[in-house]
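If you want the building blocks of each chain, they are given just below.
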Amino acid sequence: MLFNSAEFIFLFLPISLLLFFTAAKRWGNEAAITSLVACSLFFYGWWNPSYLLLLLASMAFNYHVGKRLGNNNNKNLLILGITVNLAAIAYFKYAGFIVFNINALTGAEWDLGNIILPLAISFFTFQQIAYLVDSYRGITKEYSFLHYALFVAFFPQLIAGPIVHHKDMLPQFSQTKRYQLNHHNIKIGLTIFAIGLFKKTVLADGIAVYANPIFSAADAGQSVDFFSAWGGTLAYTFQLYFDFSGYSDMAIGIARLFGIILPLNFYSPYKAANISEFWRRWHITLSHFLRDYLYIALGGNRSGKVKRYTNLAITMLLGGLWHGAGWNFIIWGALHGSYLMLNLAWQAIKAQYHIALNPGKIYVFFAWLLTFLAVIVGWVFFRAVSLDGALTILQGMLGLNGISVPNAILSRLGEAGNLLQTWGVTPSHGGAVFVKTWLWNITLLAFVLTLPNVQDLFAKEQGTLSNYSQVNDNTFWPTWSKSKTITWSSTTRWAAFSGACLALGILTLSQVSEFLYFQF
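Residues numbered from 1 in each chain as written. Predicted model: local features only at pLDDT ≥ 70, side-chain atom pairs only at ≥ 80, totals over all residues. Heavy atoms only, no water.

Named according to an unreviewed UniProt entry, the protein is Probable alginate O-acetylase originating from Litorilituus sediminis. Check the Pathway (unreviewed entry) section of the UniProt entry for the protein; it says "Glycan biosynthesis; alginate biosynthesis." Under the Sequence similarities (unreviewed entry) heading, UniProt states for the protein: "Belongs to the membrane-bound acyltransferase family." (UniProt positions renumbered as here; feature names shortened; annotations may be inferred.)

A. Inspection of the overall build of the protein at higher detail. Helix and strand content of the protein: 22 helices and two strands. Relative to the compact-globule value of 24 Å for 520 residues, the protein shows a C-alpha radius of gyration of 24 Å, a close match. If one aligns the C-alpha atoms of the protein with their principal axes, the spans along those axes are about 80 × 60 × 55 Å. Residues classed as buried in the protein amount to 52% of the 520 residues present. A sequence separation of at least 24 residues applies to 75% of the contacts in the protein between residues at least 6 apart. Summed over its atoms, the accessible surface of the protein is roughly 23,800 Å², and 64% of this surface lies on carbon and sulfur atoms. In the protein, which carries 32 positive and 20 negative side-chain charges, the distance between the mean positions of the two groups comes to 12 Å. (Helix = DSSP H or I, 4+ residues; strand = E, 2+ residues; numbered from the N terminus. Rg over C-alpha atoms; globule rule 2.2 N^0.38 Å. Buried < 20%, exposed > 50% of the residue type's maximum accessible area, 1.4 Å probe, protein only. Contact = heavy atoms within 4.5 Å. Areas by Shrake-Rupley, 256 points an atom, 1.4 Å probe, with all protein chains shown as cover. Lys, Arg positive; Asp, Glu negative; His and termini not counted. Charge placed at Lys NZ, Arg CZ, Asp CG, Glu CD.)

B. Just helix H4 (residues 75–106), in detail. With 32 residues, H4 extends only 37 Å from end C-alpha to end C-alpha; this falls clearly short of the ideal 46 Å at 1.5 Å per step. The largest bend in H4 is about 65 degrees, located at Tyr94. Its side-chain oxygen 2.9 Å from the backbone nitrogen of Asn76, Asn74 forms the N-cap of H4. Just downstream of H4 lies Gly107, where phi reads positive at about 80 degrees. (Expected span 1.5 Å × (residues − 1). Bend = angle between axes of the 7 residues up to and from the residue. Polar contact = N/O pair within 3.5 Å; in protein donor to acceptor, adjacent residues only side chain to side chain.)

C. Seen up close, the packing of helix H5 (residues 121–136) against helix H6 (residues 145–153). With their axes 10 Å apart at the nearest point, H5 and H6 run at an angle of 135 degrees to one another. In terms of axis orientation, H5 runs oblique to H6. In contact with Phe124, Gln127, Gln128 and Tyr131 of H5, H6 contributes Tyr148, Phe151 and Val152. Of the residues in the contact of H5 with H6, the class split is five nonpolar, two polar and no charged. (Axes fitted to C-alpha atoms, helices over the stretch in contact; angles between N-to-C directions. Parallel < 35°, antiparallel > 145°, perpendicular 65-115°, else oblique. Nonpolar A, V, L, I, M, F, W, Y, C, P; charged D, E, K, R; others polar.)

D. Broad picture of the packing of helix H10 (residues 226–257) against helix H15 (residues 361–383). Direction vectors running N to C along H10 and H15 enclose 90 degrees, while the axes themselves pass 10 Å from each other. Between H10 and H15, the angle is such that the two are roughly perpendicular. For the pair H10 and H15, the contacting residues are Trp230, Thr233, Leu234, Tyr236, Thr237, Phe238 and Leu240 in the first and Phe372, Leu373, Ile376, Trp379, Val380, Phe382 and Arg383 in the second. Classifying every residue of the contact of H10 with H15 by side-chain character gives eleven nonpolar, two polar and one charged.

E. Geometry of the side chain of Lys199. On the secondary structure map, Lys199 appears in helix H9 (residues 183–219). Given the relative accessible area of 12%, Lys199 is considered buried. The residues contacting Lys199, other than those within four sequence positions of it, are Ala204, Phe242, Ser245, Gly246 and Asp249.

F. The arrangement of the confidence of the model for the protein in detail. Per-residue pLDDT for the protein has a mean of 89; in total, 98% of the residues score no lower than 70. Per-element averaging of pLDDT across the protein places helix H8 (residues 166–173) at the bottom with 83 and helix H16 (residues 387–397) at the top with 95. (pLDDT = per-residue confidence, 0-100.)

G. Molecular detail of the side chain of Asp243. One can find Asp243 in helix H10. According to the relative accessible area criterion, Asp243 is buried, its value standing at 1%. Among the polar contacts listed, one links the side chain of Asp243 to the side chain of Lys200, at a separation of 2.7 Å.

H. Local environment of the environment of Ala130. Mapped onto the fold, Ala130 is located in helix H5. Residues within four places of Ala130 in sequence aside, it is in contact with Phe289 and Tyr293.

I. Spatial organisation of the nonpolar core. With 88 residues, the main nonpolar core has Phe8, Tyr44, Phe154 and Phe258 as its most contacted residues. Setting aside residues up to four positions removed in sequence, Phe8 forms contacts with Met1, Leu2, Phe3, Leu13, Pro14, Phe43, Phe155, Phe193 and Ile254. Among the nonpolar cores identified, the runner-up in size contains 56 residues, and Phe215, Phe244, Tyr270 and Trp282 belong to it. (Core = buried A, V, L, I, M, F, W, Y, C linked by side-chain atoms within 4.5 Å.)

J. Structural view of unusual backbone geometry. Backbone geometry places Ser268, a non-glycine residue, at a positive phi of 50 degrees. Along the chain, the position of Ser268 falls in the loop between H10 and helix H11 (275–281).

K. Here's a closer look at the UniProt feature "transmembrane region" (unreviewed entry) in the protein. Within this numbering scheme, the UniProt entry marks residues 77–100, 112–133, 145–164, 250–270, 312–335, 362–382 and 494–518 as carrying the feature "transmembrane region" (unreviewed entry). Structurally, residues 250–270 is divided into 38% helix and 0% strand, and its ends, taken at the C-alpha atoms, are 20 Å apart. Secondary structure across residues 362–382 comprises 100% helix and 0% strand; the distance between its end C-alpha atoms is 30 Å.

Right under this line is the structure:
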């Protein structure tokens, strides 16, 4: 069941809220939790009931292992618990990829059949591995299985995150005020949900039609010219951002309707003026998991520069592999690992040789531009299905596949158009698509660079568990001074705004599309 579907918005969500608050009022908090766990399991089972057993088995196994680790920090038991979790994810997510590569190298013909990836297995597996490690470290408390099940299966965050931490969520479920209908929370939750729905259905799905044909053509072996390659890649860059951040906003809004505050997952990453800042703002909960449970576990920066760079490379490679079983994801992870190492090296060189660059507007702009271009190149590998498709797009972006401009535009340029053709620019068809692609890209670029995000709008209302508010360090945010005056308040104007977002989002329900991160 998708958040942007009629059955979710008009049936499942209202019924879940009614059950939760009615159960809390009549039978108490534990009854309310029971109803919410039941709703969450129904939500997960809607997609494929058979995999509901996998989720239940995973929760039962990790709860009991975690409980034993809390009483006896047995390292072998921790290793066993992590191994079982990784084995499950390895089978469902990576077995086919591994066998494919073994067959390619050895000429063997092994066949595992069609293994269907259980929805959200990456998210609930990482969440529970973190729980096991924290139990081993002695920083978890005694929780009932019912509370633990809600922590894992809470439907707003179950499918695509944010990846939640037990210390953030379980204490909230223990507070009586969470079980009382709060009109202020309802207003905040509905507004954040409406903004997220608009971002997903209007913006992300709206621009997807200009990204998908370009990447499909490249993967099919067709040549892609300069403007098509850049137009399609930028379209995907914005599609992915508004799809994933829109989903995260909807999750935050839905959880708030139940009185629960989720972690922040996105904080205007395309404003970042260096790659480290980008990763502090993109998929924040995954970045924190990789930092806390992989990078630091490998040794972090405690054993010298070489070890630090090696740990960083390993972390980003595995982070890339987490997103999908394919060489393109590994290349994407390697690229970002390289970006981060170059950034660290540059900071070290500046410190060693006392290079003091003026952090003025021009410097910040070029730092942002370089960061944005690096991210865009990474998205080419992330989106393309094949390595050849990604290379075709990159060749097009470099102009190696020629430059074409729609004939309708060239003819209107007069002498300038003739001059362009003497330089090798060729006429093509598709003027309307060309214009719409670039209008969408320019408009969404302006959106991500100038507008405040949900976290900034609701910082005074604790929109998420983060304390971020109007942070513009290491960013290119040309309208920061004006944007920081825009904050949500319980007014008619904001009610009209959220109503408009909700209405526009609902008008698109006839063309429901899945979230991009469902496949990860």
